[in-house]
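Below are the chains, spelled out letter by letter.
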Amino acid sequence: MKIKLVSVPVDNQEKALDFYTQKLNFIKKIDIPVGGGNRWLTVVAMEEQDGVELLLEPIPIEFEPAKVYQKALFDEGLPYTQFNVDDVQKEYDRLINLGVEFSVKPTEMGTTKLAVFDDTCGNYIQIVEILE
Amino acid sequence: MKRYQKELQRIKENCYSNQWQIDTVIGLRNYISNNFSEKLNLNLFSRVRLVSKYHLLRLFKRYYGQTPNQYLIDKRVEEAKLCIQNGLSVSDSCYAVGFESLSSFSSLFKKKTGITPRAYQKSNFR
């Protein structure tokens, strides 16, 4: 058994694809229409294109609990997931210049440094750097 | 302040208040990361940082969740993958990253990646 896919729920797949590729520099990997205007849409990290895929998963319109859960996390500032970077401060500066909004500025937490930004699709995302 | 910011503050106060310990383990990880291909001298490192070797090992595990030796093996295997990708032979890769025996290299590589170094080499030159 292998882990090949993780997902983030997004309120608009086209907008999410734009954010995750244009701002975060991920690369679109799979894009298959699945009906109802939805797509099986995944992106990968540029440096690890054979690595784990991130599914930009549409929130089911008629399934209220999913929306409630995502909104509850967002309202409390809780990140939905996290990505690793080599240098949090550098990435923070780069994303700020692109207009990305952060809820947590670069902060040292023990042997890591982290920051949290708004992905504009309903989620907070944490970036983390292992200090050494 | 939102719940997550409060939670970060709580974790920082409860778990990460000893900056000396944090600096020490970050220093050790840096030492391993920069000297992975050498025979590591933890006695020297612990003398420089004025901390006993055993306390140092415990601290590292507490802050990074793995022992220095586990980290060293992960680091060497990752570097060996790069060596193989760059065209080095399996045995040259083994010694270049600091392993002393080809058989322990092969078994650790397989344990960490799921395939032997030879199979990894083949998969890179298909």
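Higher on the page you've got the structure.
Quick caveat, the model's predicted, so the values are computed rather than measured.

Attention now moves to the pairing of strand S8 (residues 124-130) of chain A. All names here are of chain A. Across five bridges, strand S5 (residues 79-84) lies against S8 in parallel orientation. Each residue of the ladder has a partner; that of threonine 81, found in S8, is isoleucine 125. Of the strand pairs in this sheet, strand S7 (residues 112-118) and S8 are connected by seven bridges, and their pairing is antiparallel. Paired with leucine 114 across the two strands is valine 128, which belongs to S8.

Turning to the packing of helix H2 (residues 19-35) of chain B against helix H4 (residues 53-64) of chain B, a few remarks are in order. Residues and elements named next belong to chain B. Taken N-terminus to C-terminus, the directions of H2 and H4 make an angle of 95°; their axes are 9 Å apart at the nearest point. The pairing of H2 with H4 is recorded here as roughly perpendicular in orientation. Each of Gln21, Ile22, Thr24, Val25, Leu28 and Arg29 in H2 lies in contact with H4, whose residues at this interface are Leu56, Leu59, Phe60, Tyr63 and Tyr64. The residue makeup of the contact of H2 with H4, split by class, is eight nonpolar, two polar and one charged.

On to the nonpolar core, then. Formed by Val10, Ala16, Phe19, Tyr20, Leu24, Phe26, Leu41, Val43, Leu54, Leu56 and Cys121 of chain A, the largest nonpolar core amounts to 11 residues. Broken down by secondary-structure element, the contributors of at least two residues to this core are helix H1 (13-23), strand S3 (38-44) and strand S4 (53-58) of chain A. Per element, the largest residue contribution to this core is three residues, and it comes from H1 of chain A. Excluding residues that lie within four positions of it along the chain, valine 43 of chain A makes contacts with Tyr20, Thr21, Phe26, Ile27, Lys28, Lys29, Leu54 and Leu56 of chain A. Leu28, Ile32, Leu56 and Leu59 of chain B belong to the second largest nonpolar core, which has nine residues in total.

Cut-offs applied
- Residues numbered from 1 in each chain as written.
- Chains lettered and ligands numbered in written order.
- Predicted model: local features only at pLDDT ≥ 70, side-chain atom pairs only at ≥ 80, totals over all residues.
- Pairing = 2+ DSSP bridges.
- Helix = DSSP H or I, 4+ residues; strand = E, 2+ residues; numbered from the N terminus.
- Axes fitted to C-alpha atoms, helices over the stretch in contact; angles between N-to-C directions.
- Parallel < 35°, antiparallel > 145°, perpendicular 65-115°, else oblique.
- Contact = placed C-beta atoms within 7 Å.
- Nonpolar A, V, L, I, M, F, W, Y, C, P; charged D, E, K, R; others polar.
- Core = buried A, V, L, I, M, F, W, Y, C linked by C-beta atoms within 7 Å.
- Buried ≥ 20, exposed ≤ 12 C-beta atoms within 10 Å, placed from the backbone.

Such coordinate-based values are descriptive only and should not be taken to indicate function.
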